[in-house]
Amino acid sequence: MPPQLNLSRIIGNRRQRVAPAWWAVAALLLVSIGGLGGWVVRGALQTSGAGLTALAQEAAYTYGVYAPIASGRWR
């Protein structure tokens, strides 16, 4: 009989394997740690919107001043 078909060896190999449930628990733990780490660091990677908002406001004012001149309505 080949050793791959030996019943006691098959049973011994099954006992040595890690259960799939442990792999699922490990994967869930890693995903949770990654998600929590991303949530904590999210503020450090975002830029301040104050500068961009001020630039947009200035562009709107400038357009309001110079658009009538460019269209010929202001003389």
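Asks: Describe the overall build of the protein chain, naming the residues involved and giving the relevant values.
Replies: Along the backbone of the protein chain there are three helices and zero strands. A burial count over the protein chain gives 1% of its 75 residues as buried. Of the roughly 7,200 Å² of accessible surface on the protein chain, a fraction of 67% belongs to carbon and sulfur atoms.

Asks: Quick one: what's the story with the packing of aromatic side chains, residue by residue and with numbers?
Replies: Evaluated as defined, the whole model comprises zero aromatic pairs. The aromatic ring of Trp39 is capped on one face by Arg42, whose charged end is 4.0 Å from the ring centroid.

Asks: Explain the environment of Arg42 to me, using residue names and the numbers behind them.
Replies: With respect to the helices, strands and loops of the structure, Arg42 is situated in helix H2 (residues 20–45). For Arg42, a relative accessible area of 40% translates into the label partly exposed. Polar contacts involving the side chain of Arg42 include one to the main-chain carbonyl oxygen of Trp39, which spans 2.6 Å.

Asks: Which residues make up the confidence of the model for the protein chain, and what values go with them?
Replies: Residues at a pLDDT of 70 or more form 81% of the protein chain, whose mean pLDDT is 81. Within the protein chain, the element-level pLDDT minimum falls on helix H1 (residues 7–16), averaging 76, and the maximum on H2, averaging 89.

Asks: If you had to explain H2 to someone new, which residues and values would you point to?
Replies: Its 26 residues place the ends of H2 37 Å apart at the C-alpha level, agreeing with the 38 Å of an ideal helix rising 1.5 Å per residue. H2 sits mainly on the outside: zero of its 26 residues count as buried.

Cut-offs applied
Residues numbered from 1 in each chain as written. Predicted model: local features only at pLDDT ≥ 70, side-chain atom pairs only at ≥ 80, totals over all residues. Heavy atoms only, no water. Helix = DSSP H or I, 4+ residues; strand = E, 2+ residues; numbered from the N terminus. Buried < 20%, exposed > 50% of the residue type's maximum accessible area, 1.4 Å probe, protein only. Areas by Shrake-Rupley, 256 points an atom, 1.4 Å probe, with all protein chains shown as cover. Phe/Tyr/Trp six-rings, centres within 6.5 Å; stacked < 30°, edge-to-face > 60°. Lys NZ or Arg CZ within 6 Å of the ring centre and 35° of its normal. Polar contact = N/O pair within 3.5 Å; in protein donor to acceptor, adjacent residues only side chain to side chain. pLDDT = per-residue confidence, 0-100. Expected span 1.5 Å × (residues − 1).

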